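Listed below are the residues making up each chain.
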Amino acid sequence: MMPKTIRELADEFGVSKQAIRKRLDANFRANYVQTVTRNGVQTLVVVNSGYLLLKQHFIGGNNRKPEGVPFTSNTGNTIELLNQQLAIKDSQIKEKDEQLKSMQKLLDQSQQLQLMAEKKSEELKVIAVKNSDSNSTGRSNAFEQLKNKWWHFW
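Note that this is a predicted model, so its numbers are computed, not measured.

Of the regular secondary structure elements, the chain holds five helices and three strands. When its helices and strands are written in sequence order, the chain yields β-α-α-α-β-β-α-α. Here the chain holds 154 residues, and 14% of them are scored as buried. In the form shown here, the chain has an accessible surface area of approximately 12700 Å², with 55% of it arising from carbon and sulfur atoms.

Printed below as a string of structure tokens:
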């Protein structure tokens, strides 16, 4: 079965396009609605599992038993719908797992770079301390030599 547009669904269920749009909340759109280009125009289409949910809502009503008509269970469609939803959720979980692996790899790289930067900083501190020690002894010697010059006696 092909994905159906909002107009096609409204015609099939005998309701207005506005009634269909009202049911397309953000969660429903994220899971069951796709944007396709038909005749150069972008159109929203509802995938098969979303179609089954809408069909269950509009045609099934609120599952009240009409007077004089025996209630029949629609378990075949329900099981098919649940299997489709399960497949969608499985693919979403796999995608999230891949994202977690990627984020963990980036975190590890960041920690390694931070560790390298800290080691480099420590090395520079050690070098600076050594240089300051050698400069301070050199400065004191230079200061004593300047003391002994004749113009310092004035």
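Pairing of strand β1 (residues 4-5) with strand β3 (residues 41-46) involves two bridges; the strand directions are antiparallel. Considered in β3, the bridge of Thr-5 is made with Val-45. Inspection of the sheet shows strand β2 (residues 33-38) paired to β3 by six bridges, in the antiparallel sense. What sits directly across from Thr-37, in β3, is Gln-42. The antiparallel pairing of β2 with β3 creates a hairpin that spans two residues between the two strands, and Asn-39 there sits at a positive phi of about 55 degrees.

Okay, helix α1 (residues 6-13) next. All of the buried residues along α1 are Ile-6, Leu-9, Ala-10 and Phe-13. Viewed along the axis of α1, the buried residues span an arc of 100 degrees, placing them on a single side of the element. Seen from the buried face of α1, the exposed residues on the opposite side, beyond 90 degrees, are Arg-7 and Asp-11. Along its buried surface, α1 packs onto β1, α2 (17-23), β3 and α4 (48-58). At the C-terminal side of α1, Gly-14 shows a positive phi close to 75 degrees.

It is worth spelling out the nonpolar core at this point. Formed by 15 residues in total, the largest nonpolar core has its most connected members in Leu-9, Phe-13, Ile-20, Leu-24, Phe-28, Val-46 and Leu-54. Contributing elements (two or more residues each) for this core: α1, α3 (26-32) and α4. Broken down by element, the residue count for this core peaks at four residues, all from α1. The contact partners of Leu-54, leaving out residues within four places of it in the chain, are Leu-9, Phe-13, Ile-20, Arg-23, Leu-24, Phe-28, Val-46 and Ile-59.

Right, let's talk about the packing of aromatic side chains for a bit. For the structure shown, the criterion picks out three aromatic pairs. Judged by centre distance (5.7 Å) and plane angle (25 degrees), the ring pair of Phe-13 and Phe-58 falls under stacked. Of the two residues, Phe-13 sits in helix α1 while Phe-58 sits in helix α4, which places them 45 residues apart along the sequence. For Phe-13, a relative accessible area of 10% gives the class buried. Residues Phe-28 and Tyr-32 carry aromatic rings whose centres are separated by 5.0 Å and whose planes lie at 45 degrees to one another, so their mutual orientation is tilted. Here Tyr-32 and Phe-28 lie together in helix α3, a separation of four residues that amounts to about one turn.

Procedures and definitions
- Residues numbered from 1 in each chain as written.
- Predicted model: local features only at pLDDT ≥ 70, side-chain atom pairs only at ≥ 80, totals over all residues.
- Heavy atoms only, no water.
- Helix = DSSP H or I, 4+ residues; strand = E, 2+ residues; numbered from the N terminus.
- Buried < 20%, exposed > 50% of the residue type's maximum accessible area, 1.4 Å probe, protein only.
- Areas by Shrake-Rupley, 256 points an atom, 1.4 Å probe, with all protein chains shown as cover.
- Pairing = 2+ DSSP bridges.
- Arc of directions from axis to C-beta.
- Contact = heavy atoms within 4.5 Å.
- Core = buried A, V, L, I, M, F, W, Y, C linked by side-chain atoms within 4.5 Å.
- Phe/Tyr/Trp six-rings, centres within 6.5 Å; stacked < 30°, edge-to-face > 60°.

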